[in-house]
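# Breakdown of the fold
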Amino acid sequence: MEKTKCLVIGSGPAGYTAAIYASRANLSPVLIEGIQPGGQLTQTTVIENFPGFPQGITGPELMDNMRKQAVNVGADVRSGSVTDVDFEANPYKVTLDNGSEIEAETVIIATGAAAKYLGISDEIKYQGMGVSACATCDGFFYRKKVVAVVGGGDTACEEANYLASLAAKVYLIVRKPFLRASKAMQDRTLANPKIEVLFEHNTVGLYGEDGVEGVHLVKRKGEPDEKYYDLPIDGFFLAIGHKPNSDIFKKYLKTDETGYFVPADCSGVKTAVPGVFVAGDVADPHYRQAINAAASGCRAAMEAERYLTNKEA
Ligand code: NDP
C-alpha cells in the first residue's frame, strides 16, 4: 500500500496552504483535491479582501495560483476524493474513490463547507450575476444598491447589517413570523433603519435580463391572505446556513450539532486523534474567510511536522 508522511484532504485555501508548508518542511505531502477542486472560492467573482492583490483577483485565479505554488514546492496534488478513513491506528488508512488506499502518518482534513441554497433553479441561473452566499465577499459590489438577504439566523442578521453599511436598502426575507437570531442581533437588525424585515415570506424565483433585477416573493404562503408579488432588487444573498463536509470523519472526530469539527485545544487544528488535524471552513462556523482558512492550513502543517518530529525523537 502507498505510504505518505502527510496526507492533505481538500483543495481550498486551507488545503493548499497546508500542502505548501508541509512540502517546505520536507513532508512530501499528497493532496487529494476532492469533488470541487479549488473549493468554494472557485464560485466567486473578484476577491478584494485577500491581502497581496491590490487590484483584487478572481476566485478561480487565486486558487489556481495556490495550486501551482503547492505543486512548485513539491506537493503531489491529485484529483479524486476520499470516500472512507480508518483512524483506529497510526499509520491511518484513507480510501479514495478509485478504490486505492493510502497509509498516512499525519492527515490534515481541509474539506470545507458548502453554503446551503434554497434549491430553486434561478439561484444557479444567476450565480455570480447577482446571487451570492457571502456578503463579506461580494457586498462591496452593491454599494448604494438594493439587496435582499434570505434567512433569519445570526448569519442572516449579521450579513444584513454588514450590507446595510454599504447598500442603500436591505430586505431580510424570513420564512417564519420571527427571527431565530440571538436577542442582541435581532435588536440590532430591527433597529437598523436601512433594513426592512419581510416576515413570513418565501422566495419563489428571481428575474432579470443580464443579472438579478428582482425577486418573486410569496407572503403567508398557504394562508387565506396569501399574496404573490415582485420586489425589485440588485443582489440576492443566501444566509440560510452552511453544511461542513465532515460526514466521513464523524466516527473518529468530535463535531458540533451542525457538523463542524471541534478542535481539541487552542491551536484550533489539533483533534483528539494524534496526527490528525483539521483546517479551514470545516472547523470554522464563525469566520469562513479564505485568509483564516489559509492561516489554519499553515498551523495544521506546522503541527503535523511537530507531531512527526516528536514521534521520531
Ligand atoms: P441557522 O441555522 O441558525 O439559521 C438559518 C436560518 O435560515 C433560519 O432562520 C432558518 O429559518 C433559515 N432557513 C433555513 N432553510 C431555509 C429555507 N429553505 N428557506 C428560507 N429560510 C431558511 O444558521 P446561521 O448560519 O445563521 O447560524 C449557524 C450557527 O452559527 C448558529 O448557531 C449561530 O448562532 C452561529 N452564528 C453566530 C454568530 C455570532 O455569534 N456572531 C454569527 C453567525 C452565526 P427557520 O428559523 O425557519 O428554520
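Structural notes, computed from the coordinates. Source: prediction; values computed, not measured.

### What about the side chain of Ser-267?
Its location among the elements puts Ser-267 in the loop between strand S18 (242-244) and strand S19 (276-278). What Ser-267 contacts, discounting residues up to four positions off in sequence, is Arg-299 and Glu-303.

### Details of the sheet that holds strand S16 (residues 227-232)
Read from one edge to the other, the open sheet built from three strands follows the order S14-S15-S16, with strand pairing classed as antiparallel. Since the sheet does not close on itself, it has two edges, and those belong to strand S14 (201-207) and S16, each with one partner. Direction aside, the axes of adjacent strands within the sheet are offset by 25° on average. By the bridge criterion, six bridges tie strand S15 (residues 214-219) to S16 in an arrangement that is antiparallel.

### Notes on the pattern of salt bridges
This model, assessed by the stated rule, comprises 16 salt bridges. Here Lys-250 makes a salt bridge to Asp-247, at a shortest N to O gap of 3.3 Å. The exposure class of Asp-247 is partly exposed, given its relative accessible area of 46%. Through salt bridges with shared partners, a single ionic network connects Glu-200, Arg-220, Glu-223 and Asp-225.

### Looking at a positive patch on the surface
A contiguous patch of positive charge, built from Lys-116, Arg-175, Lys-176 and Arg-180, is present on the exposed surface. Mapped onto the elements of the fold, Lys-176 is located in the loop between strand S12 (169-173) and helix H6 (183-191).

### Some details on the packing of helix H1 (residues 13-24) against helix H7 (residues 290-312)
In contact at an axis separation of 7 Å, H1 and H7 are set at 35° when each is read in the N-to-C sense. Two packed elements cross with a definite hand, and for H1 against H7 that hand is right-handed. For the pair H1 and H7, contact is made by Pro-13, Ala-14, Thr-17, Ala-18, Tyr-21 and Ala-22 and by Ala-290, Ala-293, Ala-294, Gly-297, Cys-298, Ala-301 and Met-302, respectively. Taken together, the residues of the contact of H1 with H7 sort by class into 11 nonpolar, two polar and no charged.

### Structural notes on the state of the cysteines
A full pass over the atoms with the stated rule returns one disulfide. Free of any disulfide, Cys-157 has its nearest cysteine sulfur in Cys-134, 16 Å distant. A relative accessible area of 0% places Cys-157 in the buried class.

### Describing the site of the ligand
As a structural note, the neighbourhood of the ligand is formed by Leu-118, Gly-151, Gly-152, Gly-153, Asp-154, Thr-155, Glu-158, Arg-175, Lys-176, Arg-180, Ile-240 and Gly-241. Asp-154 places a polar side-chain atom, nitrogen or oxygen, 2.6 Å from an oxygen atom of the ligand. A distance of 3.0 Å separates a nitrogen atom of the ligand from a polar side-chain atom of Glu-158. In the complex, 71% of the free accessible area of the ligand, which totals 910 Å², lies under the protein chains. Within the shell around the ligand, the residues separate by chemical class into two nonpolar, five polar and five charged.

### Observations concerning the sheet that holds strand S13 (residues 195-198)
If you trace the five strands from one edge of the open sheet to the other, you get S10-S17-S11-S12-S13, paired in parallel fashion. Single-partner strands in this sheet number two, and they are strand S10 (131-132) and S13. Note that strand S11 (residues 146-150) and strand S17 (residues 235-238) share four bridges and pair parallel. By the bridge assignment for S17, Val-149 is matched with Phe-237. Set on the sheet, helix H5 (residues 154-164) makes contact with S11, S12, S13 and S17; between it and S12 the angle comes to about 165°.

### A look at H7
The end-to-end C-alpha distance of H7 is 33 Å, a good match for the 33 Å that 23 residues give at a rise of 1.5 Å each. Of the positions making up H7, those classed as buried are Ala-290, Ala-293, Ala-294, Ser-296, Gly-297, Cys-298, Ala-300, Ala-301, Glu-303, Ala-304, Tyr-307 and Leu-308.

### Quick notes on the environment of Ala-181
Along the chain, the position of Ala-181 falls in the loop between S12 and H6. Overall, the relative accessible area of 5% leaves Ala-181 in the buried class. Remark: the alpha-carbon pair of Ala-181 and Gly-152, spanning 29 residues in sequence, is separated by 6.3 Å. Other than its neighbours up to four places away in sequence, Ala-181 contacts Gly-152, Gly-153, Asp-154, Cys-157 and Gln-186.

### Details of unusual backbone geometry
Note the cis peptide between Asn-90 and Pro-91, where omega equals 5°. Note that Pro-91 resides in the loop between strand S6 (82-86) and strand S7 (92-96). Even without a glycine there, the phi angle at Asn-26 is positive, about 65°. Of note, Asn-26 is situated in the loop between H1 and strand S2 (30-32). In the Ramachandran plot, Lys-144 falls in the positive-phi region, its phi being about 65° despite a non-glycine side chain.

Rules used throughout
Residues numbered from 1 in each chain as written. Predicted model: local features only at pLDDT ≥ 70, side-chain atom pairs only at ≥ 80, totals over all residues. Heavy atoms only, no water. Helix = DSSP H or I, 4+ residues; strand = E, 2+ residues; numbered from the N terminus. Contact = heavy atoms within 4.5 Å. Pairing = 2+ DSSP bridges. Axes fitted to C-alpha atoms, helices over the stretch in contact; angles between N-to-C directions. Salt bridge = Lys/Arg side-chain N within 4 Å of Asp/Glu carboxyl O. Buried < 20%, exposed > 50% of the residue type's maximum accessible area, 1.4 Å probe, protein only. Patch = residues over 30% accessible without salt bridge, like charges linked within 9 Å, V, L, I, M, F, W, Y side chains within 5 Å. Areas by Shrake-Rupley, 256 points an atom, 1.4 Å probe, with all protein chains shown as cover. Lys, Arg positive; Asp, Glu negative; His and termini not counted. Charge placed at Lys NZ, Arg CZ, Asp CG, Glu CD. Left-handed = near helix turned anticlockwise from the far one by under 90°. Nonpolar A, V, L, I, M, F, W, Y, C, P; charged D, E, K, R; others polar. Disulfide = S-S within 2.5 Å. Near = heavy atom within 4 Å. Polar contact = N/O pair within 3.5 Å; in protein donor to acceptor, adjacent residues only side chain to side chain. Expected span 1.5 Å × (residues − 1).

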